[in-house]
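Structural overview
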Amino acid sequence: GAQTPEQAAAREAAREAAANKPRTIDGINTVWIEELTQPELRDMIKDGYTTVLILTGGVEDNSANLAMNKHNINNKLLGEMIARKMGKTLVAPLVTLEPGNAGANITPGRAGPMLSQATYRAVLYDMGNYLRSMGFKEIYYLGDSGGNANGMRAAADSLSVVYAGNEQPVYFKHVAEYYNHTSTVQPYIQNELKIAEQIRIGASSGTSGLHEELGIDATMALADPQSIRFEQRVKAGQAEINGIKFESIAWLQDLGRKVADLRVTTTINAISAYRATLPKP
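Criteria and cut-off values
Residues numbered from 1 in each chain as written. Predicted model: local features only at pLDDT ≥ 70, side-chain atom pairs only at ≥ 80, totals over all residues. Heavy atoms only, no water. Helix = DSSP H or I, 4+ residues; strand = E, 2+ residues; numbered from the N terminus. Buried < 20%, exposed > 50% of the residue type's maximum accessible area, 1.4 Å probe, protein only. Contact = heavy atoms within 4.5 Å. Areas by Shrake-Rupley, 256 points an atom, 1.4 Å probe, with all protein chains shown as cover. Lys, Arg positive; Asp, Glu negative; His and termini not counted. Charge placed at Lys NZ, Arg CZ, Asp CG, Glu CD. Pairing = 2+ DSSP bridges. Right-handed = clockwise from strand over helix to strand, strands pointing away. Phe/Tyr/Trp six-rings, centres within 6.5 Å; stacked < 30°, edge-to-face > 60°. Lys NZ or Arg CZ within 6 Å of the ring centre and 35° of its normal. Salt bridge = Lys/Arg side-chain N within 4 Å of Asp/Glu carboxyl O. Axes fitted to C-alpha atoms, helices over the stretch in contact; angles between N-to-C directions. Polar contact = N/O pair within 3.5 Å; in protein donor to acceptor, adjacent residues only side chain to side chain. Parallel < 35°, antiparallel > 145°, perpendicular 65-115°, else oblique. Left-handed = near helix turned anticlockwise from the far one by under 90°. Nonpolar A, V, L, I, M, F, W, Y, C, P; charged D, E, K, R; others polar.

1. Here we look at the overall build of the protein
- Of regular secondary structure, the protein possesses nine helices and six strands.
- Along the three orthogonal principal directions, the C-alpha set of the protein runs to about 75 × 45 × 40 Å.
- For the protein, buried positions account for 43% of its 281 residues.
- The long-range fraction of contacts in the protein, counting pairs at least 24 apart against all pairs at least 6 apart in sequence, stands at 71%.
- Carbon and sulfur atoms make up 53% of the accessible area of the protein, which amounts to about 14600 Å² in all.
- Between the averaged position of the 28 positive side-chain charges in the protein and that of its 30 negative side-chain charges there is a distance of 2 Å.

2. As for the pairing of strand 3 (residues 138–143)
- Burial analysis of strand 3 places six of its six residues in the buried class, which makes it a mostly covered element.
- Residues Glu 138, Tyr 140 and Leu 142 of strand 3 are buried on one face, and the alternating residues Ile 139, Tyr 141 and Gly 143, pointing to the opposite face, are buried as well.
- As defined by bridge partners, strand 1 (residues 51–56) adjoins strand 3 across six bridges and the pair is classed as parallel. In the strand pairing of strand 3, Thr 56 is matched with Gly 143.
- Relative to strand 4 (residues 171–174), strand 3 runs parallel, the two being bridged by four bridges. Across the sheet, residue Ile 139 finds its bridge partner in strand 4, namely Phe 172.
- Read as a crossover between parallel neighbours, the route from strand 3 over helix 5 (residues 149–162) to strand 4 is right-handed.

3. Considering the packing of aromatic side chains
- Inspection of the entire model under this criterion finds three aromatic pairs.
- Ring centres of Tyr 140 and Tyr 274 lie 6.0 Å apart, and the angle between their planes is 90°; this geometry places the pair in the edge-to-face category. In this pair, Tyr 140 is assigned in strand 3 and Tyr 274 in helix 9 (residues 249–275), connecting sequence segments 134 residues apart. Neither residue differs from the other here; Tyr 140 and Tyr 274 are each classed as buried.
- On the numbers, 6.0 Å between centres and 35° between planes, the contact of Tyr 163 with Phe 172 is tilted. For the pair Tyr 163 and Phe 172, a shared accessibility class is recorded, and that class is buried.
- Lys 76 extends its terminal NZ or CZ atom over the ring of Trp 32, reaching a point 4.9 Å from the ring centre.

4. As for the environment of Gly 256
- Along the chain, the position of Gly 256 falls in helix 9.
- According to the relative accessible area criterion, Gly 256 is buried, its value standing at 0%.
- As for Gly 256 and Met 114, which are separated by 142 residues in sequence, their C-alpha atoms are 28 Å apart.
- Residues contacting Gly 256, with those up to four places away along its chain left out, are Ala 218, Thr 219 and Leu 222.

5. A few points about helix 7 (residues 214–223)
- Of all 10 residues in helix 7, eight are buried; the element is thus mostly enclosed.
- Buried within helix 7 we find Leu 214, Gly 215, Ile 216, Asp 217, Ala 218, Thr 219, Met 220 and Ala 221.

6. A few points about the pattern of salt bridges
- This structure, assessed with the given rule, holds 12 salt bridges.
- With a shortest N-O distance of 3.2 Å, Glu 12 and Arg 15 are connected by a salt bridge. Of the two residues, Glu 12 and Arg 15 both sit in helix 1 (residues 5–19), three residues apart, roughly one turn of that helix.

7. Structural notes on the sheet that holds strand 3
- Taken in spatial order, the four strands line up as 2-1-3-4 in an open sheet, and their pairing is parallel. Looking at strand neighbours, the two that pair on one side only are strand 2 (89–91) and strand 4, the edges of this open sheet. Put simply, the sheet's adjacent strands are angled 20° from each other on average, direction ignored.

8. Focus: the side chain of Gln 186
- Tracing the backbone through its elements, the reader meets Gln 186 in helix 6 (residues 181–192).
- The class for Gln 186 is buried, based on a relative accessible area of 2%.
- A polar atom in the side chain of Gln 186 sits 2.7 Å from the side chain of Glu 213.
- When residues no more than four places from it in sequence are discounted, the contact partners of Gln 186 are His 181, Ile 199, Arg 200, Ile 201, Gly 202, Ala 203 and Glu 213.

9. Regarding the packing of helix 4 (residues 117–133) against helix 5
- Running from N to C, helix 4 and helix 5 point in directions that differ by 45°, and their axes come no closer than 8 Å. Taken together, the axes of helix 4 and helix 5 are oblique relative to one another. In the crossing of helix 4 with helix 5, the sense of the turn from one axis to the other is right-handed. For the pair formed by helix 4 and helix 5, the contact residues are Tyr 120, Arg 121, Leu 124, Tyr 125, Gly 128 and Asn 129 on the first element and Asn 150, Gly 151, Met 152, Ala 154, Ala 155, Ser 158, Leu 159 and Val 162 on the second.
- Of the residues belonging to the contact of helix 4 with helix 5, the class tally is eight nonpolar, five polar and one charged.

Structure (structure tokens):
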């Protein structure tokens, strides 16, 4: 039969009590929401972990040597680094698909799958909105792929409008500075480290004629050497890109650490500059 109001209230009180029950086991040290138990997440949010990163990648054609989930590999590496360096910051499950269109023609080996722009924007909007409902107060969108920018900006701008009058302020921001392969990484490699990679600053392809560059090879090698097919390339005499030979996996990973640190610092500086514009609580 139907519940009486008393029964409904008792059930709600029991649910509330269960949700607020103190933890009896230790939590783990992670910044990834999906790796936490619900009580661990609850306690972290209560402890001020109210900033969250939404990282967007994709599965795309990266030419001959790179795994198609290049951007997702970068995001897993850099998301962890950024969240830890910022402090009191968690990372949402990665957005692993990017926007694109399915044509009428069958193209065997086509990269993807991808989402339509409308679906993509809706997914990013819904994620940001849901994270807000979980208690997050600063929600940052960071994309490793250029084609993701419009969807991230649209989601952040729409949510900002919807929650502008909120009693408890909540902020949604697309951090464009995270996408800094050409603006920051290429000049750093060529001008500061004096590694004469044969790629024009601003381009996504150099003398090798591939959608691949040294800075990206380096961070991917740091995360997983197989993702750039390191051993297979050594065997085939192709352990190089744009005129730069890979001296060793250790050399490439060391460069990857430098590039990752640069990208992390650039991103955090942009977030700090944005935070400085927010009203003081």
